[in-house]
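# Structural description and commentary
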Amino acid sequence: MKLDFIILEYIQTYLRSDFLDAFMPFATKLGNGGILWILCALALLLYPKTRTAGVAMAISLILEVIGCNLLLKPLVARIRPYDVNTAVQLLVRPPIDYSFPSGHTCASFAAASSLLFCGNRGWITAFMAAVLIAFSRLYLYVHYPTDVLAGVLLGILFGWLGARLAPAMEKKLRERFHVFD
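These figures come from a predicted structure and were not determined experimentally.

## Comments concerning the pattern of salt bridges
According to the stated counting rule, one finds 5 salt bridges in the structure shown. In this structure, Asp21 and Arg16 form a salt bridge, with 2.7 Å as the shortest nitrogen-oxygen distance. In this structure, Lys73 engages Asp97 in a salt bridge whose closest nitrogen and oxygen atoms are separated by 3.6 Å. In this pair, Lys73 is assigned in helix α4 (residues 51–76) and Asp97 in the loop between α5 (81–84) and α6 (103–118), connecting sequence segments 24 residues apart. Owing to a relative accessible area of 4%, Lys73 belongs among the buried residues under this scheme. According to the relative accessible area criterion, Asp97 is partly exposed, its value standing at 37%.

Take a look at the structure:
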């Protein structure tokens, strides 16, 4: 926990700027509710060429919600850094759930990784957005670095699982419900 605060304090002391103070709340909103990634998954599902990547992304996001938000956050119940260091002025509304792991980060890396493991070239842009969103969580003092690291690692795992499960899921949906015909 001490290293977490050393990193957070470094960001607050040496990286804060007026530009980033204005930009980081916008960057973090890209990850709110996973809406950016849900819309990406839906767009990918529309086209036969990218459908498998869309299914993989959707699966990875479902795994993220279950694994991070429903299981780990309440199980670990880690309070957020701004609740420990109340001297920091937040630039965003304080989140009301627990801190570990970072859901914004996990969803972002799950989505980007699903594209990577499906061989979709959009993974590069998605990873850049994921890194930006992850860093914004630290900059805004709403997550510890270990929350973000856990989100990255879990997100990559969920993206890999999504890519592995997607072909079979797509086949089952096609057979059972005549979806994607």
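## Quick word on unusual backbone geometry
Following Phe100, the chain continues to Pro101 via a peptide bond in cis, the omega torsion being -10 degrees. With respect to the element layout, Pro101 can be found in the loop between α5 and α6. The phi dihedral of Ala77 is positive, around 50 degrees, even though this residue is not glycine. With respect to the element layout, Ala77 can be found in the loop between α4 and α5. On the basis of relative accessible area, Ala77 is assigned to the partly exposed category, the value being 31%. Even without being glycine, Tyr141 reaches a positive phi, approximately 65 degrees. Take Tyr141: its relative accessible area is 0%, and that puts it in the buried class.

## Quick look at the nonpolar core
Ranked by size, the top nonpolar core spans 34 residues in total, and within it Trp37 and Met57 carry the most contacts. Elements with a contribution of two residues or more to this core: α1 (2–15), α2 (18–29), α3 (35–45), α4, α6, α7 (123–139) and α8 (145–177). Sorting elements by how many residues they give to this core places α7 first, with 8 residues. Sequence-distant contacts of Trp37, defined by excluding residues within four places in its chain, comprise Met57, Leu61, Ala107, Ser108, Ala111, Ala126, Ala129, Ala130 and Ile133.

## A closer look at the layout of surface pockets
In this structure, the largest pocket spans a volume of roughly 470 Å³. Gly31, Asn32, Gly33, His104 and Arg137 are, among the 25 residues lining the largest pocket, the residues nearest its centre. Counting residues per element, the ones that place at least two in the lining of the largest pocket are α2, α4 and α6. A total of 5 residues in the lining of the largest pocket trace back to one element, the largest contributor, which is α4. Within the lining of the largest pocket, the residues separate by chemical class into 9 nonpolar, 9 polar and 7 charged.

## Remarks on the state of the cysteines
For the structure on display, the rule yields 0 disulfides. Cysteine Cys40 remains unbridged, with the sulfur of Cys118 as its closest cysteine sulfur at 14 Å. A disulfide-free cysteine, Cys106 has its sulfur positioned 3.2 Å from the sulfur of Cys68, the nearest such atom. The exposure class assigned to Cys106 is buried, which follows from its relative accessible area of 0%.

Thresholds, definitions, all that
- Residues numbered from 1 in each chain as written.
- Predicted model: local features only at pLDDT ≥ 70, side-chain atom pairs only at ≥ 80, totals over all residues.
- Heavy atoms only, no water.
- Salt bridge = Lys/Arg side-chain N within 4 Å of Asp/Glu carboxyl O.
- Helix = DSSP H or I, 4+ residues; strand = E, 2+ residues; numbered from the N terminus.
- Buried < 20%, exposed > 50% of the residue type's maximum accessible area, 1.4 Å probe, protein only.
- Core = buried A, V, L, I, M, F, W, Y, C linked by side-chain atoms within 4.5 Å.
- Contact = heavy atoms within 4.5 Å.
- 1 Å grid on protein atoms, 1.4 Å probe; cavity = no way out; pocket = protein on both sides within 12 Å on 5 of 7 lines; lining within 4 Å.
- Points joined across faces, edges and corners; volume = space filled by probe spheres on them.
- Nonpolar A, V, L, I, M, F, W, Y, C, P; charged D, E, K, R; others polar.
- Disulfide = S-S within 2.5 Å.

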